[in-house]
Amino acid sequence: MSPNTPETHYDVLIIGGGILGLASAYYATARGLKTLVVDQYGIGNDTNSSKGLERMFRLMQDNESEARLAEASLAIWTELQRASGKNLLASDDLIFFGHRDAPMTTEGNVQHIKHTMDSMGMPYEYLDSPAAIHKRFPMFNLAAMPDDYVGLVQAASASINVQEAARTFLFAARQTDLLHVLDKHAVIQVAPLKDQAGYTLLTEADGRSVTVHGKHLITCPGVWADSVLKGFGLKQAPGWKIWKMSYAYWPLKENPPKIPIWFEFGNIDASDQGTFYGFPPLDFSPDRHNMVKMSADYTYDTYDAPSAIQPGVNPRLMEELVTHLDQLIAPNAVDATQYQHAGTCLYSMSPDGKLVIGRIPTAPGQQSFHAGASMCVMESGRAFKYAPLFGRILVELAVDGHTRYQHDLDIFSSTRDGLFEPST
Ligand SMILES: Cc1cc2nc3c(=O)[nH]c(=O)nc-3n(C[C@H](O)[C@H](O)[C@H](O)COP(=O)(O)OP(=O)(O)OC[C@H]3O[C@@H](n4cnc5c(N)ncnc54)[C@H](O)[C@@H]3O)c2cc1C
């Protein structure tokens, strides 16, 4: 099918061709459903939250539900990797370290994560002092770590190959001949059909309109969620924000110390300020060979709407990042002042820091839902690791009206307080 001459009737319509839309397309087509993915900027665009090269996969979570969901997701990633023969996950040690009693951040804190691991009987290594952290990973300067720093190390962690993952979902869906794509079309209207018979989407590209119909609708629109939710009479509550995150890559020096996947809880309040992370060297792209990505997990750039986003990395944040890395990272690993490929990527952050996945309520907080539809919104910078699982869940919710993973999804409920307001 040419993208310019779409068929008009589908079993499943998917708004959003980021990683969750593609994972949903994979599961929908695997179930024999004729599926259309619509993306306003095109699949593989460099504007959405699924851009870039790498994401962290981790089992270490601050609550049991997310840890179980991560375990379920890991099983699917592993199966997908074997079936496709592609390197989707680069396994490595992951260290979480920081103040023993750091307040909770959007990524949790060391104590809550340790507690979850203990209560679930998940294996990990506990590093009880800065000296123990430095001994295990000499890349972290001993002098840079406050006395109350402790660490958790888990081996069942990985860097996810972002572009390979997207290609794998897309390739598998295309193999079925059931996948259709409407690239660079913005959905400007979502309308339910009479008698719960499905949905009509009106899309627009270069002034040209296309109307398509589907029995089921899956929405994974990232930071542009309000453009879709208005068709359901909803909009995101003011506590929702777009976070523009800045990052960069550092060339490694010759014979550097071992570099794990790492996340530092250096925060002294619950603001995320003081949280930093980094990746080991990865072979996901030839132009990042022998470089490591590092970033702050806080931002000074928050916005109320996509139209307000200002381009460019934040100079103040980059300065703080460089100053911090200069102290934290051993000088035989990188020169912290010499970074390349600085860039930005968008988080869609919910008021309570937890993402939203579920059926679409008929009104804010209501337990009644629009038939045949599901969504994942406000993915709060954390949904990539769950992509194969969430694709499956979104299809189950839209097509079957329920999912086998429901018992662990309450923390992500679409009906919890403070998420949405009526759109009119
Ligand atoms: C810097 C950074 C680091 C991260 N690190 C991690 C990590 O380590 N581990 C992890 O698990 N997760 C991480 N994440 C989060 C993860 O990348 C996101 O949660 C995930 O990529 C979101 O995917 P998505 O498909 O929901 O949204 P997106 O990738 O944003 O895709 C949404 C798509 O919908 C389209 N769209 C929206 N509205 C419309 C419309 N009206 N019409 C047509 N198309 C529309 C957009 O064009 C877009 O392409 C990180 C995110 C960032 C930014």
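Everything numeric in this text was worked out from a predicted model, so none of it was measured. (Residues numbered from 1 in each chain as written. Predicted model: local features only at pLDDT ≥ 70, side-chain atom pairs only at ≥ 80, totals over all residues. Heavy atoms only, no water.)

Participant: Which residues make up the packing of aromatic side chains, and what values do they have?
Facilitator: Within the structure shown, the criterion is met by 23 aromatic pairs. Between Phe 276 and Tyr 298, the ring centres sit 5.7 Å apart and the planes meet at 85°, which makes this aromatic pair edge-to-face. Taken together, the positions of Phe 276 in strand S14 (residues 275–278) and Tyr 298 in the loop between strand S15 (291–296) and strand S16 (302–303) put the pair 22 residues apart, joining distant regions of the chain. Summarising the aromatic geometry, the rings of Phe 390 and Phe 412 are spaced 6.2 Å apart at their centres and angled 80° between planes, so their arrangement reads as edge-to-face. You can see Phe 390 sitting in helix H8 (residues 387–400) and its partner Phe 412 sitting in the loop between H8 and strand S20 (420–422), a full 22 residues away along the chain. Through a chain of ring-to-ring contacts, three or more aromatic side chains come together here, namely Tyr 26, Tyr 27, Trp 77, Phe 169 and Phe 384. For Lys 114, the ring lying beneath its charged end belongs to Tyr 126, and the centroid distance is 4.9 Å. Residue placement shows Arg 288 over the ring face of Tyr 249; its charged tip is 4.6 Å from the ring centre. (Phe/Tyr/Trp six-rings, centres within 6.5 Å; stacked < 30°, edge-to-face > 60°. Helix = DSSP H or I, 4+ residues; strand = E, 2+ residues; numbered from the N terminus. Lys NZ or Arg CZ within 6 Å of the ring centre and 35° of its normal.)

Participant: Tell me about the site of the ligand, residues and numbers included.
Facilitator: Around the ligand sit 35 residues, and of these Asp 39, Ser 50, Met 56, Cys 345 and Lys 385 come closest. In this structure, Gln 40 approaches the ligand through a main-chain N or O atom, which is 2.9 Å from a nitrogen atom. Within the side chain of Asn 45, a nitrogen or oxygen atom sits 2.9 Å from an oxygen atom of the ligand. Summarising the interface, the protein chains cover 97% of the accessible area of the ligand, which totals 1,000 Å² for the free molecule. Of all elements in the fold, only helix H1 (19–30), strand S2 (35–39), strand S3 (54–57), strand S8 (186–192), helix H6 (225–229) and strand S17 (340–349) reach the threshold of two or more residues within the shell around the ligand. Take the shell around the ligand: its biggest share by element is three residues, from S17. Grouping the amino acids of the shell around the ligand by side-chain chemistry returns 18 nonpolar, twelve polar and five charged. (Near = heavy atom within 4 Å. Polar contact = N/O pair within 3.5 Å; in protein donor to acceptor, adjacent residues only side chain to side chain. Areas by Shrake-Rupley, 256 points an atom, 1.4 Å probe, with all protein chains shown as cover. Nonpolar A, V, L, I, M, F, W, Y, C, P; charged D, E, K, R; others polar.)

Participant: So what about the packing of helix H2 (residues 64–84) against helix H5 (residues 162–175)? Which residues, and what values?
Facilitator: Closest axis-to-axis distance for the H2/H5 pair is 11 Å, and the angle between their directions is 70°. Viewed along their axes, H2 and H5 adopt a mutual orientation that is roughly perpendicular. Across from Trp 77, Leu 80 and Ser 84 in H2, the residues of H5 making contact are Ala 165, Thr 168 and Phe 169. (Axes fitted to C-alpha atoms, helices over the stretch in contact; angles between N-to-C directions. Parallel < 35°, antiparallel > 145°, perpendicular 65-115°, else oblique. Contact = heavy atoms within 4.5 Å.)

Participant: So what's going on with the pattern of salt bridges? Residues and values would help.
Facilitator: Counted according to the given criterion, the structure contains 21 salt bridges. Of the charged contacts in the structure, one is a salt bridge between Glu 107 and Arg 58, with a shortest N-O distance of 2.2 Å. With Glu 107 in the loop between strand S4 (89–99) and helix H3 (110–120) and Arg 58 in the loop between S3 and H2, the pair connects residues that are 49 residues apart, well separated along the chain. Arg 58 carries the same exposure label as Glu 107, and that label is buried. (Salt bridge = Lys/Arg side-chain N within 4 Å of Asp/Glu carboxyl O. Buried < 20%, exposed > 50% of the residue type's maximum accessible area, 1.4 Å probe, protein only.)

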